[in-house]
Amino acid sequence: MKGRIPPALCLAVALVALLPTACARRSQDLHCGACRALVDELEWEIAQVDPRKTIQMGSFRINPDGSQSVVEVPYARSEAHLTELLERVCEKMKEYGEKVDPSTHRKSYVRVISHDGTKMDLSGVKIDGDVASSLKFACESIAEEYEDELIEFLSHEADNVKDRLCSKRTDLCDHALHIPHDEL
């Protein structure tokens, strides 16, 4: 029996070798899902603001010629409003659940409570406090680390903000080019 490695030891070594990959993929799925949910929530909140509402921006000092350098900008996409939203948007992660794709085993995060009260299909969605708290923590980390990028992307209307921000700019979703573009 000398020189022969027991099968149980081989299996244990193989599992230990695969563990970091599984944890990394779980973390990537979580951070990608948090980024996509964060952008969805921010876009929804922006859409709820009256488009006629404005905020004055610029200097309130009076110039030597008696004029002021103040301009009115739409409030919904103003830096002040976006900063305010970033302070509280991650609380919405408690309204999300985890769904596992049966073919790829990748996790995605879906809203379990609709904004308008319509009934939602929650088949295959795991709803629990651990999922919500993990998603909230990931959301807060992303909001803090990428605050400038989020404000930059959301301060102007643009298409595919989720892909452009979560996949291309931050690499949080480098696997996500095949994720369907869902709407809330």
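Here's what I pulled together on the structure shown here. (Residues numbered from 1 in each chain as written. Predicted model: local features only at pLDDT ≥ 70, side-chain atom pairs only at ≥ 80, totals over all residues. Heavy atoms only, no water.)

Concerning the sheet that holds strand β5 (residues 125-126)
Here is step 1: Taking strand neighbours across the sheet as the criterion, the three strands line up as β4-β3-β5 in an open arrangement whose pairing is antiparallel. Edge positions in the sheet fall to β4 (107-111) and β5, since each has one partner strand and no second.
Here is step 2: One ladder, built from five bridges, connects strand β3 (residues 96-100) with β4; its direction is antiparallel. Counterpart to K99 in the pairing with β4 is S108.
Here is step 3: The sheet strands contacting helix α3 (residues 129-145) are β3, β4 and β5, and the helix crosses β3 at an angle near 100°. (Pairing = 2+ DSSP bridges. Helix = DSSP H or I, 4+ residues; strand = E, 2+ residues; numbered from the N terminus. Contact = heavy atoms within 4.5 Å. Axes fitted to C-alpha atoms, helices over the stretch in contact; angles between N-to-C directions.)

Some points on the packing of helix α2 (residues 79-88) against helix α4 (residues 147-154)
Here is step 1: One can describe the packing of α2 onto α4 by two numbers: an axis separation of 10 Å at closest approach and a directional angle of 130°. In terms of orientation, α2 and α4 fall into the oblique class. The two elements α2 and α4 meet at a crossing, and its hand is right-handed. Across the interface between the two elements, E79, L82, T83 and L86 from α2 touch E147, L150, I151 and L154 from α4.
Here is step 2: When the residues that make up the contact of α2 with α4 are grouped by side-chain class, the tally is five nonpolar, one polar and two charged. (Parallel < 35°, antiparallel > 145°, perpendicular 65-115°, else oblique. Left-handed = near helix turned anticlockwise from the far one by under 90°. Nonpolar A, V, L, I, M, F, W, Y, C, P; charged D, E, K, R; others polar.)

Description of unusual backbone geometry
Here is step 1: Positive phi, normally seen in glycine, also occurs at N160, with a value near 55°.
Here is step 2: Residue placement: N160 occurs in the loop between α4 and α5 (161-169).
Here is step 3: In this structure, D171 is a non-glycine residue whose phi angle is positive, near 60°.
Here is step 4: Summarising the element assignment, D171 is placed in the segment after α5.

Here's the deal with the pairing of β3
Here is step 1: Connecting the antiparallel pair β3 and β4 is a turn made up of six residues, with H105 showing a positive phi of about 65°.
Here is step 2: Strand direction decides the pairing type here: β3 and β5, joined by two bridges, are antiparallel. Its bridge partner lying in β5, E98 is registered against K126.

Structural notes on the environment of L165
Here is step 1: Mapped onto the elements of the fold, L165 is located in helix α5.
Here is step 2: Taking C-alpha positions, L165 is 8.8 Å from R36, a pair spaced 129 residues apart along the chain.
Here is step 3: Discounting chain neighbours no more than four positions away, the residues touching L165 are C35, V39, E149, L150, F153 and T170.

Some remarks on the pattern of salt bridges
Here is step 1: Applying the stated criterion across every chain, the model contains 13 salt bridges.
Here is step 2: Measuring nitrogen to oxygen at the nearest pair gives 3.3 Å for the salt bridge that ties K136 to E91. Of the two residues, K136 sits in helix α3 while E91 sits in the loop between α2 and β3, which places them 45 residues apart along the sequence.
Here is step 3: Taken together, the shared-partner salt bridges in this structure form one network comprising E45, E84, R88 and K92. (Salt bridge = Lys/Arg side-chain N within 4 Å of Asp/Glu carboxyl O.)

Things to note about the side chain of S78
Here is step 1: By the element assignment, S78 lies in the loop between β2 (68-74) and α2.
Here is step 2: Residue classification places S78 among the buried residues on the basis of a relative accessible area of 4%.
Here is step 3: A polar atom in the side chain of S78 sits 3.2 Å from the backbone nitrogen of H81.
Here is step 4: Setting aside its immediate chain neighbours within four residues, S78 contacts I55 and V73. (Buried < 20%, exposed > 50% of the residue type's maximum accessible area, 1.4 Å probe, protein only. Polar contact = N/O pair within 3.5 Å; in protein donor to acceptor, adjacent residues only side chain to side chain.)

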